[in-house]
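So the chains spell out like this:
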Amino acid sequence: MSEPPRKRMVRPPTGGAEEGRGKPARLKTAKLRTPSSQAWLERQINDPFAARARAHGYRSRAAYKLAEIDDKFRLLRPGARVVDLGLAPGGWTQVAIERGVTAIAGVDLLPVEPLPPAQILEMDFTDPACGPRLIELLGGPPDVVLSDMAPNTVGHKQTDHLRIVGLIEAAADFAVEVLKPGGAFVAKAFQGGETSEVIARLKQRFADVRNVKPKASRADSSEVYLVATGFKGR
Ligand code: SAM
């Protein structure tokens, strides 16, 4: 019997260019790649946040997005219980741990290299068994629910859009179901997306709901983050 295909382990990046040096690098092996993967790689090599992340030992440049959000809203503190949805490869969890969080549970579809003391599940967050397992691992209701989940796009605009909105709604429903009063919810969203309904629902449950575009979020991307603070309870 043939073995099932192995999943890709999300590994921390290593090595790479230092920030802001010289001309943008071009890759000489371009012929072997599709134009879009070539563009992605060149952008990655020349991206100052990616270079900083490599130098700092962060597993992703996304770490800087959460760091900036937290500098503003002060959500991550020692003693807080935190859930990280879509954590791979682990940049957000690294930032939370760096800021003194010791009770943190995360989930991703992809395998993630261990990040103690984080408890990590490899499963689909939309599986109904996932939420209860996260809370069990955490040992109680969270103070903060983070979601940086982004679905793989299939190239069909409406389908991709529905999948993105579906994930935001699932994360928001979970947050409202499990958060401690006073808690916070941070979720990746997209400008112009059909997120007005979920924002309206969050506004009923949280004292403050904002759209935040961190500097590390690429200017040419429609990505924004919803930051909801002061959970009023169920
Ligand atoms: N915050 C992460 C970091 O700092 O390293 C980066 C997260 S990455 C932008 C989005 C992640 O969401 C991907 O690893 C993807 O596998 C995960 N994801 C997408 N849909 C998911 C789902 N239904 N359940 C769990 N994870 C999911």
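Structural data are supplied above this passage.
To keep things clear, this report deals only with the structure shown in the data block.

What counts, and at which threshold
- Residues numbered from 1 in each chain as written.
- Predicted model: local features only at pLDDT ≥ 70, side-chain atom pairs only at ≥ 80, totals over all residues.
- Heavy atoms only, no water.
- Near = heavy atom within 4 Å.
- Polar contact = N/O pair within 3.5 Å; in protein donor to acceptor, adjacent residues only side chain to side chain.
- Pairing = 2+ DSSP bridges.
- Helix = DSSP H or I, 4+ residues; strand = E, 2+ residues; numbered from the N terminus.
- Axes fitted to C-alpha atoms, helices over the stretch in contact; angles between N-to-C directions.
- Contact = heavy atoms within 4.5 Å.
- Buried < 20%, exposed > 50% of the residue type's maximum accessible area, 1.4 Å probe, protein only.

Considering the site of the ligand
In the vicinity of the ligand, 19 residues are found, and the nearest of them are Ser60, Asp108, Asp124, Phe125 and Asp148. Separating an oxygen atom of the ligand from a backbone N or O atom of Pro89 is a distance of 3.3 Å. Within the side chain of Asp148, an N or O atom sits 2.8 Å from a nitrogen atom of the ligand.

Some remarks on the sheet that holds strand E3 (residues 119-122)
The seven strands lie next to each other as E3-E2-E1-E4-E5-E7-E6, forming an open sheet whose pairing is mixed. This sheet does not close on itself; its edge strands, each paired only once, are E3 and strand E6 (206-212). Averaged over all adjacent pairs, the angle separating strand axes in this sheet is 15°, with direction ignored. Here E6 runs beside strand E7 (residues 223-231); their pairing, made up of six bridges, is antiparallel. Residue pairing across strands places Arg210 opposite Val227, the latter belonging to E7. Packing of helix H3 (residues 63-73) onto the sheet brings it into contact with strand E4 (144-147), strand E5 (184-190), E6 and E7, and relative to E7 it is tilted by some 35°. Most of the contacts of helix H7 (residues 196-205) go to E6, to which it runs at about 145°, and overall it touches E5, E6 and E7.

Looking at the side chain of Thr93
With respect to the element layout, Thr93 can be found in helix H4 (residues 91-98). Judged by its relative accessible area of 1%, Thr93 is buried. Discounting chain neighbours no more than four positions away, the residues touching Thr93 are Asp84, Leu87, Ile104, Leu115 and Ala118.

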